[in-house]
Amino acid sequence: MGTGGGGQKHCFIVKLTSESGLVGLGYAGISAHHGDSLGGVKAALETYTGLLIGEDPSNIEKISETFSGVLHGNEAAQAAIDVALHDLHAKILGVPMYALLGGLVREEIPVIRILSLKEPAKMVANAVKLVEQGYFYFKIKLNGNQAQDLQRVKEIRNAVGEAIHLTVDANQTYLPKVAIATLKRMEEYGVELCEQPVRADDWEGLATVTRAVDCLVEAHESALRIEHIYGLVKMRAVDCINIKIDQLGGIRKAKIAAAICKLGNVSVRAGSMGSRLSAATTMHFVASTSNVSYACELGEYAGFLNDPVSGLEVEKGVLRVPKGPGIGVSLNV
Amino acid sequence: MKIAQTEVILKELVREDADWRWARGAVARNTVLSSN
C-alpha cells in the first residue's frame, strides 16, 4: 500500500520586516503529493520576497494578485507571502489578524485530532491517549480496505465511547460504490463526516457518494484551488470543503473560497498540518468566517518535537484565537 | 510604512511519531469489498 507521511516535514517561514522593525510571518509547508518541491518553493520564495522590499504591506490585494499570476501553481509560496503581508499589516495597525478579516464570529473551535494510519490496535491506543488529554473529536485515517477500515472505526468507537465525535478520511482510496457501502456500514458507529472518499478528480463520484450516505461528505484533495472549489460548489458535489490556507494560496484565497461556499450553501472546515504558525493563522480565518460549521484539525502541531513557534495551545480539546497583534504567536529562531 | 527586509528560513519539523502515515489513494488503490 502506498502511504504518505513520515517522521519529518520540511517547511519555510517567511519573515517580512518593516522600516520600524515590526515582523510579519508566513508559513509554507512542502506537500510533495500536491505538487510542491523543496527546491521549487525555496526558489519561488527567495525570488519573490525580494521584490517586496519598498512595498507597503497594506497593499495585499495588489501584491497578491501580481504574485498569483507569476507564481501560478505554487500555492505554498503564495500562501506564505500572503500570510506574512496580513501579519505585518495587522501588527502595524496594532490589531489581531482576524480584525482584518471581518472580525470575530467565534473565539474558539473544537480541535479534531488525526489518528494516523496504523494497525487498528495502535490507532485505538492513540485515540484513548488523546481522549485522556481532553480531545473529543477525531479523524480516523482509512486505507480503502473495507474490512480493515470497518474494524478501525468499530474498535475506536468501542474504546472511546458514544460521547466522542468520529470522522474518517479515506484520502481518495475508495471507489464510489464501495465508499457508499462502507459509509453506510459505518453509520452504526456514528461517523459524522467522511473526507475525500474517492479520487480527487472524480467529482461525479464524490457527488454520487454525497447523495447516497447520511454522514457529511467533504472534499480536500479535490479542492486545492479556488477554481476547483467553485466547480464543486456549483455541482453541489459535497456537503463541505476542507480549506488549508497553506495549500490554497493564502488567507485572501481562503476567504474567497468561503464566500463561494456560502453562496452555494456548502459548509467550510479548515485544517493545518504544520507548525503553530500555520495553525494560528488558520484559527484567525476560522474565527472570522461564519460558515465554518464543525470542529477543525488545528492541533497537529502538537505532534512535532521542534516547532520553532510558540504562543498557541489547545486546552480541553478547544483552541482559542490569539488576541495579540497580527497572528499573535512568536518565532523562536 | 514599507517593507525593509525579507528572509526565508528552512525548517525541518520532526514528528514524535516517526511512523505517522496516511494512505495515498490516488497512487495505490487497493480497495476491496469485504464479505463480512
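These numbers come from a predicted model, not from an experiment.

Each value, and the rule that gives it
Residues numbered from 1 in each chain as written. Chains lettered and ligands numbered in written order. Predicted model: local features only at pLDDT ≥ 70, side-chain atom pairs only at ≥ 80, totals over all residues. Helix = DSSP H or I, 4+ residues; strand = E, 2+ residues; numbered from the N terminus. Rg over C-alpha atoms; globule rule 2.2 N^0.38 Å. Buried ≥ 20, exposed ≤ 12 C-beta atoms within 10 Å, placed from the backbone. Contact = placed C-beta atoms within 7 Å. Core = buried A, V, L, I, M, F, W, Y, C linked by C-beta atoms within 7 Å. Domains from an automatic or database assignment. Pairing = 2+ DSSP bridges. Axes fitted to C-alpha atoms, helices over the stretch in contact; angles between N-to-C directions. Expected span 1.5 Å × (residues − 1). Arc of directions from axis to C-beta. Right-handed = clockwise from strand over helix to strand, strands pointing away.

Novice: I'm lost on the overall build of chain A in this one. Help?
Specialist: What chain A contains, in helices and strands, is eleven helices and 14 strands. Scaling as 2.2 N^0.38, a compact globule of 333 residues should have a C-alpha radius of gyration of about 20 Å, and chain A matches this with 19 Å. The buried share among the 333 residues of chain A stands at 55%. Expressed as a percentage of contacts within chain A between residues at least 6 apart in sequence, the contacts between residues at least 24 apart total 71%.

Novice: I keep staring at the nonpolar core and nothing clicks. Help me out?
Specialist: Nonpolar side chains tend to gather and get buried jointly when the protein is soluble and globular. Residues and elements named next belong to chain A. The biggest cluster of nonpolar side chains holds 114 residues, and the ones touching the most others in it are V14, A28, L45, A77, A80, I241 and A257. Counting contributing residues per domain, this core is built from domain 1 (11-94) and domain 2 (100-331), each supplying no fewer than three. Residue contacts for I241: discarding those within four places in its chain leaves E218, A219, A223, I229, L232, A257, C261, V266 and V268.

Novice: Would you take a moment to explain the sheet that holds strand 3 (residues 23-29) of chain A for this structure?
Specialist: One open sheet accounts for three strands, arranged 3(A)-2(A)-1(B); its pairing is antiparallel. If you trace the sheet from one side to the other, it starts and ends with strand 3 of chain A together with strand 1 (3-14) of chain B, each paired once. Across the sheet, the mean angle separating the axes of adjacent strands is 20° when strand polarity is ignored. The sheet strands contacting helix 1 (residues 38-50) of chain A are strand 2 (8-18) and strand 3 of chain A together with strand 1 of chain B, and the helix crosses strand 1 of chain B at an angle near 165°. Sitting on the sheet, helix 3 (residues 75-93) of chain A touches strand 2 and strand 3 of chain A, and the angle it makes with strand 3 of chain A is about 160°.

Novice: Sorry, what's going on with helix 5 (residues 146-160) of chain A here?
Specialist: Because an α-helix packs 3.6 residues into every turn, residues spaced three or four apart end up facing the same way. Residue and element names in this part refer to chain A. With 15 residues, helix 5 should cover 21 Å at 1.5 Å per step; its first-to-last C-alpha distance of 21 Å lies within 8% of that length. Burial in helix 5 covers these residues: Q146, D149, R152, V153, I156 and R157. Taken around the axis of helix 5, the buried residues stretch over an arc of 130°, which confines them to a single face. Tucked into the core, helix 5 has its buried residues touching helix 4 (120-132), strand 6 (137-141), strand 7 (165-169), helix 6 (176-186) and strand 8 (191-195). Count one or two residues on from helix 5 and you reach G161, which has phi positive near 90°.

Novice: Sorry, what's going on with the interface of chain B and chain A here?
Specialist: One frequent convention defines the size of an interface as the accessible area lost when the parts assemble. In this complex, chain B contributes 34 residues to the contact, which on the side of chain A involves 61 residues. Among the secondary structure elements, those contributing two or more residues to the side of chain B that touches chain A are strand 1 and strand 2 (21-23) of chain B. For the side of chain B that touches chain A, the element with the highest residue contribution is strand 1 of chain B, accounting for twelve residues. Sheet topology places strand 2 of chain A next to strand 1 of chain B; eleven bridges connect them, and they run antiparallel. Residue pairing for strand 1 of chain B: K15 of chain A is matched across the bridge by E7 of chain B.

Novice: Help me out: how do you make sense of the sheet that holds strand 6 of chain A in this one?
Specialist: Backbone-to-backbone hydrogen bonds join strands into a sheet, with any given pair of strands oriented parallel or antiparallel. Residue and element names in this part refer to chain A. Spatially, 5-6-7-8-9-10-11 is the arrangement adopted by the seven strands of the open sheet, whose pairing is parallel. Each edge of the open sheet is held by one strand with a lone partner, namely strand 5 (112-115) and strand 11 (267-270). Across the sheet, the mean angle separating the axes of adjacent strands is 30° when strand polarity is ignored. Sheet topology note: the strand 8/strand 9 (residues 216-219) ladder contains three bridges and is parallel. Across the sheet, the residue bridging to C194 is V217, located in strand 9.

Novice: I keep staring at the pairing of strand 6 of chain A and nothing clicks. Help me out?
Specialist: Side-chain direction in a regular strand flips from residue to residue, so the side chains alternate between the two faces of the sheet. Residues and elements named next belong to chain A. Burial runs high along strand 6: five of the five residues are buried. With burial as the criterion, each face of strand 6 is covered, one bearing Y137, K139 and K141 and the other bearing F138 and I140. Where strand 5 lies against strand 6, four bridges are found, and the strand directions are parallel. Across the sheet, residue I112 finds its bridge partner in strand 6, namely Y137. For the segment spanning strand 5, helix 4 and strand 6, crossover handedness is right-handed.

Novice: Whenever I open this one, helix 7 (residues 203-212) of chain A confuses me. Can you help?
Specialist: Residue and element names in this part refer to chain A. For helix 7, the complete set of buried residues consists of G205, L206, V209 and T210. Taken around the axis of helix 7, the buried residues stretch over an arc of 140°, which confines them to a single face. In helix 7, the exposed positions angled more than 90 degrees off the buried face are occupied by E204 and R211. Contacts made by the buried residues of helix 7 are with helix 6 and strand 9.

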